[in-house]
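For reference, the chains in residue letters:
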Amino acid sequence: MLTLYHQPFSPACRFVRLILAEYGVRHELVIERPWERRKGFLAMNPAGTLPIAVENDGPPVVGAGPIMEYLDETRGYAQGDKRLMPDHPDRRAETRRLVEWFLWKFDEEAVGHLVHERIYKLEMPTAMGGGAPESTVLRAARTNLRHHLRYIEYLTATRNWLAGERLTFADIAAAAELSTADYLGEVPWADCEHVKMWYSRVKCRPSFRALLGETIRGLPPSPTYSDLDF
């Protein structure tokens, strides 16, 4: 049994959850609030970040990238043509490049700020940084989001899937990021038709069902969030 310590609206955690669903891995979810800096949590990861995966009595696997590689090494080869890591070294390199782009650059410049300001601050005590979102941070994140959407628009207009001809970890990473922004109604879908068509294909996959059923008390999702034909 694999246990995943996560935050429901963390894009990196959603990325791992989607991989677990795609690979059919039995797992247990444990919600962790990193800002509380729980002693047991910090013992697993002194950096105080999520996600963290622990399988049976094994050591913690920390971070979305290492967990992706761990799951692919332990389960990917059994997936056949449904494996999310391509066989060719060039395609694997491109997949890893895009995963890093979406989970780090896209998150740090845009989506991560939207999630922190509009979701995490609702749960965080004032003494730990909670409170009203900062408008200047939101404006910058929204501007950056549009820049990144133009890049995804280029990828989706020139490729069948983001990293090539078939679904890979790159698509899962980008979709995990966009799913949180879409919940908040922050994605201007009318301005990125190719992105919308690609995201609809990913969003219709069975692995997405659990995510689309999750909501935040006091913050309902946008109309497009759970609509598969948005």
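From a predicted model like this one, the values you see are computed outputs, not experimental measurements. (Residues numbered from 1 in each chain as written. Predicted model: local features only at pLDDT ≥ 70, side-chain atom pairs only at ≥ 80, totals over all residues. Heavy atoms only, no water.)

Caption draft 1: Structural context of the packing of helix α1 (residues 11–23) against helix α3 (residues 64–75). In contact at an axis separation of 10 Å, α1 and α3 are set at 10° when each is read in the N-to-C sense. With respect to α3, the element α1 is oriented roughly parallel. Between α1 and α3, the contacting residues are Ala12, Phe15, Val16, Ile19, Leu20 and Tyr23 on the first element and Ala64, Ile67, Met68, Leu71, Asp72 and Arg75 on the second. Looking at the contact of α1 with α3 residue by residue, the classes come out as 10 nonpolar, no polar and 2 charged. (Axes fitted to C-alpha atoms, helices over the stretch in contact; angles between N-to-C directions. Helix = DSSP H or I, 4+ residues; strand = E, 2+ residues; numbered from the N terminus. Parallel < 35°, antiparallel > 145°, perpendicular 65-115°, else oblique. Contact = heavy atoms within 4.5 Å. Nonpolar A, V, L, I, M, F, W, Y, C, P; charged D, E, K, R; others polar.)

Caption draft 2: Geometry of the nonpolar core. Core analysis: the biggest nonpolar cluster contains 67 residues, and Phe15, Phe102, Leu162, Phe169, Leu178 and Trp198 have the highest contact counts within it. Contributions of two or more residues to this core are made by β1 (2–6), α1, α3, α4 (89–123), α5 (135–158), α6 (169–183), α7 (193–203) and α8 (209–212). With 11 residues, the top contributor of residues to this core is α4. The contact partners of phenylalanine 169, leaving out residues within four places of it in the chain, are Phe15, Ile19, Tyr23, Met68, Asp72, Leu84, Met85, Thr95 and Val99. In terms of nonpolar packing, the next biggest core, distinct from the first, is built from 7 residues, Tyr5, Phe41, Met44 and Val54 among them. (Core = buried A, V, L, I, M, F, W, Y, C linked by side-chain atoms within 4.5 Å. Buried < 20%, exposed > 50% of the residue type's maximum accessible area, 1.4 Å probe, protein only.)

Caption draft 3: Quick look at α3. For α3, with 12 residues, the first-to-last C-alpha span of 16 Å sits near the 16 Å given by 1.5 Å per residue. Turning to α3, its buried residues number three or more, namely Ala64, Gly65, Ile67, Met68, Leu71, Asp72 and Arg75. Taken down its axis, α3 places every buried residue within 165° of arc, on the same side. Residues of α3 that are buried in the fold lie against β1, α1, β3 (52–55), β4 (61–62), α4 and α6. (Expected span 1.5 Å × (residues − 1). Arc of directions from axis to C-beta.)

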